[in-house]
Amino acid sequence: MVQSDKKRRSTRSSKMVSSPVVMTRMQAIMQKEMVREFLAEFMSTYVMMVFGLGSVAHMVLGGKFGSFLGVNLGFGFGVTMGVHMAGNISGAHMNAALTFTNCALGRMSWKKFPVYILGQFLGSFLAAATIYCLFYSAIIEFSGGRLTVTGPIATASIFATYLPDHSTLWRGFLDEVLVTGMLQLCLFAITDKENNPALQGTQALVIGILVVVIGVSLGMNTGYAMNPSRDLPPRFFTYIAGWGIQVFRARDWWWVPVVAPLLGAYLGGIIYLVFIGSTIARRPQILEDSMVYEDRRIPVLPKTMPNPPMTSPLTPVSVSPINRPSVRTVPPLSDPIHLERF
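Notes on the structure follow. (Residues numbered from 1 in each chain as written. Predicted model: local features only at pLDDT ≥ 70, side-chain atom pairs only at ≥ 80, totals over all residues. Heavy atoms only, no water.)

Focus: the overall build of the protein chain
No. 1: Scanning the protein chain from N- to C-terminus turns up eleven helices and two strands.
No. 2: Considering the protein chain as a whole, with its 342 residues, one finds that 39% of them fall into the buried category.
No. 3: Taking all contacts inside the protein chain whose residues are at least 6 apart in sequence as the whole, residues at least 24 apart take part in 69%.
No. 4: With the model as given, the accessible surface of the protein chain reaches about 19700 Å², and the carbon-plus-sulfur share is 64%. (Helix = DSSP H or I, 4+ residues; strand = E, 2+ residues; numbered from the N terminus. Buried < 20%, exposed > 50% of the residue type's maximum accessible area, 1.4 Å probe, protein only. Contact = heavy atoms within 4.5 Å. Areas by Shrake-Rupley, 256 points an atom, 1.4 Å probe, with all protein chains shown as cover.)

Digging into the pattern of salt bridges
No. 1: Scanning the model with the defined rule gives three salt bridges in all.
No. 2: A salt bridge links Lys112 to Glu33, with the nearest nitrogen and oxygen atoms 3.0 Å apart. With Lys112 in the loop between helix H4 (96–104) and helix H5 (113–134) and Glu33 in helix H2 (residues 33–61), this residue pair connects regions lying 79 residues apart in the sequence.
No. 3: Judged by relative accessible area, which is 14%, Lys112 ranks as buried.
No. 4: Judged by its relative accessible area of 47%, Glu33 is partly exposed.
No. 5: With its nearest N and O atoms 2.6 Å apart, the salt bridge here joins Asp231 to Arg235. Pair noted here: Asp231 and Arg235 are both in helix H9 (residues 228–243), with a separation of four residues, about one helical turn. Neither Asp231 nor Arg235 differs from the other in exposure class; each is buried. (Salt bridge = Lys/Arg side-chain N within 4 Å of Asp/Glu carboxyl O.)

Quick look at H5
No. 1: Relative to the 32 Å expected for 22 residues at 1.5 Å per residue, H5 spans 32 Å between its end C-alpha atoms, a close match to the ideal helical length.
No. 2: Those residues of H5 not exposed but buried are Val115, Tyr116, Ile117, Gly119, Gln120, Gly123, Ser124, Ala127, Ala128, Ala129, Ile131 and Tyr132.
No. 3: Buried residues along H5 sit against H2, H4, helix H6 (136–143) and H9. (Expected span 1.5 Å × (residues − 1).)

Focus on the packing of aromatic side chains
No. 1: Scanning the model with the defined rule gives 18 aromatic pairs in all.
No. 2: An angle of 80° between the planes, with centres 5.6 Å apart, marks the rings of Phe125 and Phe237 as edge-to-face. Of this pair, Phe125 sits in helix H5 while Phe237 sits in helix H9, and the two are 112 residues apart along the sequence.
No. 3: Since its relative accessible area comes to 25%, Phe125 is described here as partly exposed.
No. 4: Look at Phe237 and you get buried, because its relative accessible area is 7%.
No. 5: Through pairs of rings, three or more aromatic residues link up here, namely Phe125, Tyr132, Tyr136, Phe159, Phe236, Phe237, Tyr239, Trp243, Phe248 and Trp254.
No. 6: The ring of Tyr162 has Arg235 sitting right over it, with the charged end atom 4.7 Å from the ring centre. (Phe/Tyr/Trp six-rings, centres within 6.5 Å; stacked < 30°, edge-to-face > 60°. Lys NZ or Arg CZ within 6 Å of the ring centre and 35° of its normal.)

A closer look at the packing of H5 against H9
In a pair of packed helices, the angle between the axes and the distance between the axes together describe the arrangement.
No. 1: Contact pair H5 / H9: the axes reach a minimum separation of 8 Å and the direction vectors enclose 45°. Compared by their axis directions, H5 and H9 come out oblique. Here H5 and H9 pass one another in a crossing that is right-handed. Mapping the contact onto sequence places Gln120, Phe121, Ser124, Phe125, Ala128, Ala129 and Tyr132 in H5 and Pro228, Ser229, Arg230, Leu232, Pro233, Pro234, Phe236, Phe237, Ile240, Ala241 and Trp243 in H9.
No. 2: Classifying every residue of the contact of H5 with H9 gives 14 nonpolar, three polar and one charged. (Axes fitted to C-alpha atoms, helices over the stretch in contact; angles between N-to-C directions. Parallel < 35°, antiparallel > 145°, perpendicular 65-115°, else oblique. Left-handed = near helix turned anticlockwise from the far one by under 90°. Nonpolar A, V, L, I, M, F, W, Y, C, P; charged D, E, K, R; others polar.)

Things to note about the side chain of Ser229
No. 1: Following the sequence through the fold, Ser229 ends up in helix H9.
No. 2: The exposure class of Ser229 is buried, given its relative accessible area of 0%.

What to know about a nonpolar patch on the surface
No. 1: Residues Leu69, Leu73, Phe77, Leu205, Ile209, Val213 and Val216 make up a contiguous nonpolar surface patch of about 580 Å² in total accessible area.
No. 2: Residue assignment for the nonpolar patch shows that the elements contributing at least two residues are helix H3 (68–86) and helix H8 (203–218).
No. 3: In terms of residues, the nonpolar patch owes the most to one element, H8, which gives four residues.
No. 4: Topologically, Leu73 is positioned in helix H3. (Patch = residues over 30% accessible without salt bridge, like charges linked within 9 Å, V, L, I, M, F, W, Y side chains within 5 Å.)

Notes on the nonpolar core
No. 1: Counting 47 residues, the largest nonpolar core has Phe75, Ile131, Ile139, Ile158, Phe159 and Trp243 as its most contacted members.
No. 2: Per-element accounting of this core gives the leading share, nine residues, to H2.
No. 3: Counting residues in hydrophobic clusters, the runner-up holds six residues, among them Leu163, Val177, Trp253 and Ala260. (Core = buried A, V, L, I, M, F, W, Y, C linked by side-chain atoms within 4.5 Å.)

Some details on unusual backbone geometry
No. 1: The phi dihedral of Tyr224 falls on the positive side, at around 35°, and the residue is not glycine.
No. 2: Position of Tyr224 relative to the elements: it lies in the loop between H8 and H9.
No. 3: The phi dihedral of Arg251 is positive, around 55°, even though this residue is not glycine.
No. 4: Turning to its location among the elements, Arg251 is positioned in the loop between helix H10 (246–249) and helix H11 (256–275).
No. 5: The partly exposed category is assigned to Arg251, whose relative accessible area is 38%.

Below, the structure written as structure tokens:
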């Protein structure tokens, strides 16, 4: 009995000791840059896709509860929420085409490419599974228990895009190239600090509005996938969830939302950099060697010179005339500040 009590106490103490160690290790892992970016892409893509696919489910299954405008709003503001969630961590790409373009243009290391793609694909796949579980009874009632890809009771379009009857494969390909190119072109404009970017704090909303505008103006032909991470993982989910191999065979469309957005985003990025980015004049660096003290600017003194006497941060400071001229007093805040060198 004594030995058994000792063993129990030892196991309890070991568990108590090991738990802080495990938590410390987990925190160390979570603080790694790659892990944080993976989780950011995973969660932001999941949020975007849940809102987007849910709005499509309302349009397909709900009748009066959904519309094509609702789909545009669902995806647009889903993107907005995703940007708020991961914008300062990974950039909130949520789109393999955007990740590919950033790597191809040298804005991001290629070693991060698989990390971003894996996070996006897993988030999108899990979002498709979530929508399937939430709307399962409605899907079965609408389709009569038959999970079909085409026809009047088709439900596979809730999860992935399919080419409509009025379009051809190559017209659809060009449509996806153009639409994704417009997306990347406008994204570069929205985020270009040297041009006329969205105001600080409004980028997420502006990007969401951009997705809505693309949907209401260019979304009819192909469903504006614009994103391999939006189309391929949910399509694979429908394949294993009961819709079968037809999700890949229907008009041989499945590869277009994967390849065309990559080409379109890259071309859109190149066009912006060549026609817009290269023509933006660099703003001169004004007073780059000065420090700001409330409402005036005081030149930074060389380290070898003694600090000048100051009675207040706002009083004029005189520097030795051997090295620099004296500093002029700057007008008060009520007057325009003259940004000129002392």
